[in-house]
Amino acid sequence: MLNLFLCFLGITAFIKSCYCTEIYTESQDVSIVIGETAVSTFHVREPDTLNESLPIYFTSDNPDVITEVSNITIFNDTDFFNVVVTGKAAGHTTLEVITDIKDIDLREAFLRVTVIRSYDLWIVCLIVGWVYFAAWSLSFYPQIVENYQRKSVVGLSLDLVVLNFWGHTVYGLFNFGLYWIPQVKREYFNIHPLGVQPVQLNDCMFSLHAIVAAGFTFAQCFVYERTEGLSVFAWTFLGVTVTFLSGCVSAVLLDWMSWLTFLYQCSYVKLAVTSTKYVPQAFLNYKRKSTEGWSIGNVLLDFTGGLLSIMQMFFLAYNNDDWDSIFGDPTKFGLGAVSVLFDILFILQHYVWYRRDNDYEPVGQPVQEDEEEESNEIET
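Conventions we followed
Residues numbered from 1 in each chain as written. Predicted model: local features only at pLDDT ≥ 70, side-chain atom pairs only at ≥ 80, totals over all residues. Heavy atoms only, no water. Helix = DSSP H or I, 4+ residues; strand = E, 2+ residues; numbered from the N terminus. Expected span 1.5 Å × (residues − 1). Buried < 20%, exposed > 50% of the residue type's maximum accessible area, 1.4 Å probe, protein only. Contact = heavy atoms within 4.5 Å. Salt bridge = Lys/Arg side-chain N within 4 Å of Asp/Glu carboxyl O. Axes fitted to C-alpha atoms, helices over the stretch in contact; angles between N-to-C directions. Parallel < 35°, antiparallel > 145°, perpendicular 65-115°, else oblique. Left-handed = near helix turned anticlockwise from the far one by under 90°. Nonpolar A, V, L, I, M, F, W, Y, C, P; charged D, E, K, R; others polar.

Visitor: Explanation requested: helix 6 (residues 201-223) in the structure shown.
Guide: Since the α-helix turns once every 3.6 residues, residues separated by three or four places project in the same direction. The end-to-end C-alpha distance of helix 6 is 33 Å, a good match for the 33 Å that 23 residues give at a rise of 1.5 Å each. Restricting attention to buried positions, one finds in helix 6 the residues C204, F206, S207, A210, I211, A213, A214, T217, Q220 and C221. Buried-residue contacts for helix 6 involve helix 2 (119-138), helix 3 (141-150) and helix 4 (158-180).

Following this line, the structure appears as structure tokens:
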């Protein structure tokens, strides 16, 4: 009899948990200009499970960004309520709903509020973002075209080609995993319950395009004439990183590491590749005293994309009053700056230090031909 009673209590508690009151909002991201007001609707699921009334409080992790939101009270017949948010200063904040009752499901009851200085500057940032996305996407093709026209990859560092392909491959794993694999997404949101999806579809499309384009350039190195192989440095780098990631996969299979942590290790390998991949090409140009075989079109497009990317970071930091996005996380900014500095080095190598004289028509040549004609006339 006691067991039957305990079973009844367990079933009752289970049914009650299935039908607890839930407060949620369908749109959790709000963007407004300073002084602007936005209204967000919060829905109440199963309000009839409330006894009578329920006080609702609001808390913000950055109260200087928005005006204070007044507390409200909902009842057992309330289906929804509206929250008015007014921008007070540029920045980011998370507005959360809290109650005195623990049985209320509030996992989706929050707003991520971004207050910006200007919509015009936001549009400029959007345009700049698409331009540098296009520049980086197109930057693969000048080298591919030049290799095809010359039927040779002499002058193109095989180390750079291989490391570039490897870097985009591991970074593609990071983007694909965080965007498409449900288990990885659950692991991410368990750690960042109020966070946003860190990878978007355009990130995955760029990675896929980069892997294909870098892989095609890699294949050209086996079809066309080349004079150099993979250096000891490149073999060592590949060996260390492949061994490291293989160890991480083993740790995941043994439940010592999560798949999310493994994907973060892939992104760190990409950072290491980006920091070092241009060195072999710069050294090869220096050793040959020439940039022939290394497409300047690739460099100019990459330089354009990198410079615009850094510009966008500063525009966004100013518009959102979020300078920590640059200086609080120096990795992204530092790698962008490193790429731009290497592009400047390549531009100097191509146009200043190792400029080919045969690209220009000698000015004195017609004068010399006239002198030869005059001397022939005198002899006759």
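Visitor: Would you mind going over the pattern of salt bridges with me for this structure?
Guide: Here the idea is simple: oppositely charged side chains can pair when their charged atoms come close. In the structure shown here, the tally under the stated rule is four salt bridges. Across the salt bridge formed by R45 and E22, the nearest N and O atoms sit 2.4 Å from each other. A residue pair is termed long-range when its members are at least 10 positions apart, and R45 in strand 3 (residues 37-45) and E22 in strand 1 (residues 22-24) qualify at 23 residues. The exposure class assigned to R45 is partly exposed, which follows from its relative accessible area of 38%.

Visitor: Before we go on, may I ask you to explain the packing of helix 4 against helix 7 (residues 232-253) in this structure?
Guide: Working note: a packed helix pair is described by the angle between its axes plus the distance between those axes. In contact at an axis separation of 10 Å, helix 4 and helix 7 are set at 15° when each is read in the N-to-C sense. It follows that helix 4 is roughly parallel to helix 7 by the angle criterion. The hand of the helix 4/helix 7 crossing is left-handed. Residues D159, V162, L163, W166 and V170 of helix 4 pack against F233, A234, F237, L238, T241, V242 and L245 of helix 7. Among the residues forming the contact of helix 4 with helix 7, the class breakdown is ten nonpolar, one polar and one charged.

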